[in-house]
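# Structure assessment
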Amino acid sequence: MPKTYNDLYFHIRTELKNAGIEAFGQEARILLAAASCKDKAELMRDMNLYTSSELEEKAMSFLERRLKGEPLAYIAGAWEFYGLPMIVSPDVLIPRMDTEVLVDTALSYGRLRGRKIRVLDLCCGSGCIACAVASKLDSASVIAADISPEALEICRKNISLNRLTSKIVPVRADATDWPPQHTGGFDMILSNPPYIATHELTELDSSVRAYEPLGALDGGEDGLDFYREIIKHWTVTLRPNALMIFEVGEGQADAVKQMLLDAEFVSVDSRKDTLDVERVVIGQWKNEF
């Protein structure tokens, strides 16, 4: 007997609830919307309509993947970050709310500058930071850089999806090496680099460890390798009074602040997330004149 969207929704919702998934109602809607290629408004509009056997089969396959622990964002192929739709795949990390603190910090400083600024999103992954900053800061021209060709392809799609092709240029670059020739200077470098210590990767939640790209998480023996390399190699691109702004892991802020001070940054500060964790570290480069 044909099922309505409502029938499928309640079946998926019940299965997720029985599996102990906390946001079972919200996840059921996202899964069904993704399976039917509808947005949330279209799904709500069509809840009393009948579905097809093909749609039911696809929705059940999505449900099965979720019950096995695959992150919802990868099944849906999209996630929201800073109010923007973002395409995601297992080639990039899923954007997280923690990173919105980095964007907030960049925007507050960018607005204070009151002029056109050039911004680098280093280790850009999906491009979520670049897109958020470019969409909210009219004065910003953004370079989004990553070493992974697969990540850059997702980044390009998100730039296009959010109609930001005139404001963001994706570039392949290695954060642990010297900048490519003709990179130019920046008023702000933003980075959410890999910062999980290698030995801690096995302790991550299975939904992260089994599905998200470990190369985008592994920060070396103490989790701080990328901060050292970025400060060492990319400070040369900073204009006078420019800012280097990092997202950091819990307990890493003091070490990253000291690295910036040792590299002769003249002003170093931090910002806390909603859980009162120092999540962002800011360093201001010296005025060379």
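Please refer to the structure placed before this passage.
This part is about the side chain of Asp-146. Mapped onto the secondary structure, Asp-146 falls in strand 4 (residues 140–146). Arg-172 is the oppositely charged side chain nearest to the buried, salt-bridge-free Asp-146, at an N-O distance of 7.4 Å. Polar contacts involving the side chain of Asp-146 include one to the main-chain amide nitrogen of Cys-124, which spans 3.3 Å. Discounting chain neighbours no more than four positions away, the residues touching Asp-146 are Cys-123, Cys-124, Gly-125, Ala-151, Leu-152, Val-171, Arg-172 and Ala-173.

With respect to burial, helix 7 (residues 128–136) is a largely interior element, seven of its nine residues being buried. Buried within helix 7 we find Cys-128, Ile-129, Ala-130, Cys-131, Ala-132, Val-133 and Ala-134.

Attention now goes to unusual backbone geometry. At Arg-163, a residue that is not glycine, the phi angle is positive and equals roughly 55°. Topologically, Arg-163 is positioned in the loop between helix 8 (149–161) and strand 5 (168–172). For Arg-163, a relative accessible area of 76% translates into the label exposed. A positive phi angle, near 70°, is found at Asn-241, a position not held by glycine. Its place among the elements puts Asn-241 in strand 7 (residues 238–247). Accessibility expressed as a relative area gives 26% for Asn-241, which makes it partly exposed.

Our focus in this paragraph is the environment of Leu-63. You can see Leu-63 is positioned in helix 4 (residues 53–67). Leu-63 gets classed as buried once you look at its relative accessible area, which sits at 5%. Along the sequence, Leu-63 and Trp-234 sit 171 residues apart, while their C-alpha atoms lie 44 Å from each other. Residues in contact with Leu-63, not counting those within four places in the same chain, are His-11, Ile-12, Glu-15, Leu-16 and Leu-31.

To continue, consider the pairing of strand 5. Strand direction decides the pairing type here: strand 4 and strand 5, joined by five bridges, are parallel. Following the sheet pairing, Val-142 is matched in strand 5 by Ile-168. The parallel pair strand 4 and strand 5 is bridged by helix 8, and the resulting crossover is right-handed.

Okay, the packing of helix 2 (residues 24–35) against helix 4 next. The geometry of helix 2 relative to helix 4 is characterised by a closest axis approach of 9 Å and an angle of 135° between their N-to-C directions. Overall, the two elements helix 2 and helix 4 adopt an arrangement that is oblique. In the crossing of helix 2 with helix 4, the sense of the turn from one axis to the other is right-handed. Here Glu-27, Leu-31, Leu-32, Ala-34 and Ala-35 of helix 2 come into contact with helix 4, specifically with Leu-55, Lys-58, Ala-59, Phe-62, Leu-63 and Arg-66. For the contact of helix 2 with helix 4, the residue count by class is eight nonpolar, no polar and three charged.

On to the pairing of strand 3 (residues 117–122), then. Burial runs high along strand 3: five of the six residues are buried. Bridge analysis of strand 3 against strand 4 gives six bridges, and the strand direction is parallel. Looking at strand 4, one finds that Asp-121 is bridged to Ala-144. With helix 7 bridging strand 3 and its parallel neighbour strand 4, the resulting β-α-β unit is right-handed. Where strand 3 lies against strand 6 (residues 186–191), four bridges are found, and the strand directions are parallel. The partner of Leu-122 across the bridge, within strand 6, is Ser-191.

Calculation rules
Residues numbered from 1 in each chain as written. Predicted model: local features only at pLDDT ≥ 70, side-chain atom pairs only at ≥ 80, totals over all residues. Heavy atoms only, no water. Helix = DSSP H or I, 4+ residues; strand = E, 2+ residues; numbered from the N terminus. Buried < 20%, exposed > 50% of the residue type's maximum accessible area, 1.4 Å probe, protein only. Lys, Arg positive; Asp, Glu negative; His and termini not counted. Salt bridge = Lys/Arg side-chain N within 4 Å of Asp/Glu carboxyl O. Polar contact = N/O pair within 3.5 Å; in protein donor to acceptor, adjacent residues only side chain to side chain. Contact = heavy atoms within 4.5 Å. Pairing = 2+ DSSP bridges. Right-handed = clockwise from strand over helix to strand, strands pointing away. Axes fitted to C-alpha atoms, helices over the stretch in contact; angles between N-to-C directions. Parallel < 35°, antiparallel > 145°, perpendicular 65-115°, else oblique. Left-handed = near helix turned anticlockwise from the far one by under 90°. Nonpolar A, V, L, I, M, F, W, Y, C, P; charged D, E, K, R; others polar.

These results come straight from atomic positions and should not be treated as a statement about function.
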